[in-house]
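What follows is each chain in one-letter form.
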Amino acid sequence: MNRSPHTLTAANRALSVSALNRQVKSLLENSFLSIQVIGEISNFARPSSGHWYFTLKDSKAQVRCAMFRGRNMATGFIPREGDEVVVTARVSLYEGRGDYQLICERMEKSGLGQLQQAFEALKAKLDKEGLFEQSRKRPLPAHPKHLGVVTSPTGAAIHDILTVLKRRFPGLPVTLYPTAVQGQEATAQIVRAIELANRHASADVLIVGRGGGSLEDLWPFNEEAVARTILDSAIPVVSAVGHEVDISISDLVADQRAATPSAAAEMLSPDRNALNLRLQQLKRRLQSRMSWQLEKKRQQLNSARQRLRHPGDKVREHMQALDRLELRLTRATARHIQLQRSRVEQLQRRLQRVTPINRINQHRERLTQIEQLMPRLMQGHIERNRLRLAQQSGKLQSVSPLATLERGYSILLDNKGQAVSDSTQVNPGDKLEARLHQGRLQCTVDSTEE
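Residues numbered from 1 in each chain as written. Predicted model: local features only at pLDDT ≥ 70, side-chain atom pairs only at ≥ 80, totals over all residues. Heavy atoms only, no water.

Tell me what's going on with the overall build of the protein chain, and back it up with residues and numbers.
Counting its regular elements, the protein chain contains 14 helices and 13 strands. For 450 residues, the compact-globule estimate of 2.2 N^0.38 gives 22 Å, and the protein chain exceeds it by more than 25% at 59 Å. For the protein chain, the spread of C-alpha atoms along the three principal axes comes to 155 × 135 × 40 Å. Across the 450 residues that make up the protein chain, the buried fraction comes to 27%. Put simply, 60% of the contacts in the protein chain that link residues at least 6 apart link residues at least 24 apart. Carbon together with sulfur atoms contributes 54% to the accessible area of the protein chain, which is approximately 31700 Å² in total. (Helix = DSSP H or I, 4+ residues; strand = E, 2+ residues; numbered from the N terminus. Rg over C-alpha atoms; globule rule 2.2 N^0.38 Å. Buried < 20%, exposed > 50% of the residue type's maximum accessible area, 1.4 Å probe, protein only. Contact = heavy atoms within 4.5 Å. Areas by Shrake-Rupley, 256 points an atom, 1.4 Å probe, with all protein chains shown as cover.)

I'd love a proper account of helix α8 (residues 224–232), names of residues and values included.
Those residues of α8 that fall on the buried side of the exposure criterion are V226, A227, T229 and I230. Projected down its long axis, α8 carries its buried residues within an arc of 165°, all on one side. (Arc of directions from axis to C-beta.)

Describe the sheet that holds strand β7 (residues 174–178), with residues and values.
A sheet is described by the order of its strands in space; here five strands give the open sequence β7-β6-β8-β9-β10, paired in parallel fashion. Pairing within the sheet leaves two strands with one partner each, and these edge strands are β7 and β10 (256–257). By the bridge criterion, five bridges tie strand β8 (residues 205–210) to strand β9 (residues 237–241) in an arrangement that is parallel. Each bridged residue has a counterpart across the sheet, and for L206 the counterpart in β9 is V237. (Pairing = 2+ DSSP bridges.)

Just give me the short version of the sheet that holds strand β12 (residues 431–435), but keep the residues and values in it.
Taken in spatial order, the three strands of this open sheet run β11-β12-β13, and their pairing is antiparallel. A single partner strand is all that each edge strand has here, and the edge strands are β11 (411–413) and β13 (440–444). Geometrically, the sheet is characterised by an average inter-axis angle of 30° between neighbouring strands, direction not taken into account. Across five bridges, the pairing between β12 and β13 is antiparallel. The residue bridging L432 from the neighbouring strand is C443, located in β13. (Axes fitted to C-alpha atoms, helices over the stretch in contact; angles between N-to-C directions.)

Now, about the pattern of salt bridges: what can you tell me, with residues and values included?
Here the structure, examined in full by the defined rule, presents 14 salt bridges. Residue D251 is joined to R257 by a salt bridge in which the shortest nitrogen-to-oxygen separation is 3.3 Å. The class for D251 is buried, based on a relative accessible area of 4%. One salt bridge connects E433 with R440, and the closest N-O pair in it is separated by 2.7 Å. (Salt bridge = Lys/Arg side-chain N within 4 Å of Asp/Glu carboxyl O.)

Just give me the short version of the packing of helix α6 (residues 186–200) against α8, but keep the residues and values in it.
A packed helix pair is summarised by two numbers, namely the angle formed by the two axes and the spacing between the axes. Between α6 and α8, whose axes approach to 9 Å, the crossing angle comes to 10°. Taken together, the axes of α6 and α8 are roughly parallel relative to one another. Here T187, I190, V191, I194 and E195 of α6 come into contact with α8, specifically with A225, V226, T229 and I230. Residue composition of the contact of α6 with α8, grouped by class: six nonpolar, two polar and one charged. (Parallel < 35°, antiparallel > 145°, perpendicular 65-115°, else oblique. Nonpolar A, V, L, I, M, F, W, Y, C, P; charged D, E, K, R; others polar.)

Run through a nonpolar patch on the surface, naming residues and quoting values.
Together, L15, L20 and V24 give the surface a local cluster of nonpolar side chains, amounting to about 250 Å² of exposed area. Note on placement: V24 falls in helix α2 (residues 17–31). (Patch = residues over 30% accessible without salt bridge, like charges linked within 9 Å, V, L, I, M, F, W, Y side chains within 5 Å.)

Lay out unusual backbone geometry with the relevant residues and their values.
Its identity as a non-glycine residue notwithstanding, N43 has a phi of 55°, on the positive side. Positionally, N43 belongs in strand β1 (residues 35–45). For N43, a relative accessible area of 53% gives the class exposed. With a phi close to 55°, A201 is a non-glycine residue in the positive phi region. Take A201: it is sitting in the loop between α6 and β8.

In structure tokens:
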């Protein structure tokens, strides 16, 4: 069949349906590498292959989704019709039908997944800053004198704490710092309550917490503001949030974690029955110790009574000893005086023999003789030195180069001031200086001969 040129040209430019879908698929996959989409599960199907096929929708639109077995096994739950989820996916196109779809890589329940991600992110941040380090946690008082509780005044936590205290140690004073423990206002109220307890400074330990609940209910205790307020508290803090399986940021940053509020009260309150038992044991030990001490002192008293003498006998003994010491002192003093008197007499006799007047006269005569002898000795010394100087001057003059210069000789010096004694030391054209007896000559070397 014959076709017009216009018809052939249009056919050559047209795309096949498969080529179109292939290009659209490539365009979508390159434009949306990885996105997160939130929506409600609908038309969920799980064939024997293990893959999941479903529709994700909201009130205005829907999109087909596929999640293959290798990915959905890591999800941790099987979605149901109507569940709101957040999927991380790639945008693609099913070429056979021309429908675009999401290829899901990960799925989380809406809300819970986001909170869990926020929890993990804050946990990693504070851990990196060292807020969870065991070395910075403070010890709790062994026997608290005053307990502060930061929790809801109408919640189960305060009831459980007071019940435990009533059973174990009802005399322990308790101050409640009321606060909301869930909802939007809870975080700020918890922070204010902890700061108020620190300003009062009456409690020596704080319990911060609440009873069990969902992750959303417990979320105020996962807020950074609460964690940093606990860290800055001057009062040691016990965190008691939720049940035993619940772990919050407050638990990690507090000085001590308790599984429940009741466990916190058990931890901080002494058991009065155990204290009474301990008191009875100490009382018996004290009585036994006192009886032993009294008996020991009684025996010491009896022994001392037997050794005790009349004070008069002791006084007489001291008087006799004093008399003996007095006599010894008198005799020793007399001997010392006599010895010193003898030494003085000996020194006086020696002084008379070596009187300094005689030595002075002897030295004066010797000085007169030296004064008379000194001029003659000095004149002879000067004459000898003058003769020696004349001899040395004659010798110096005989070897002086200046004397040689007086006889008509000269000394040749090179440009460094060194004496020239050999023709090999210079070259033609060198400048030399001839030193005469009177004056100097500047010379130029024309030639040299060896």
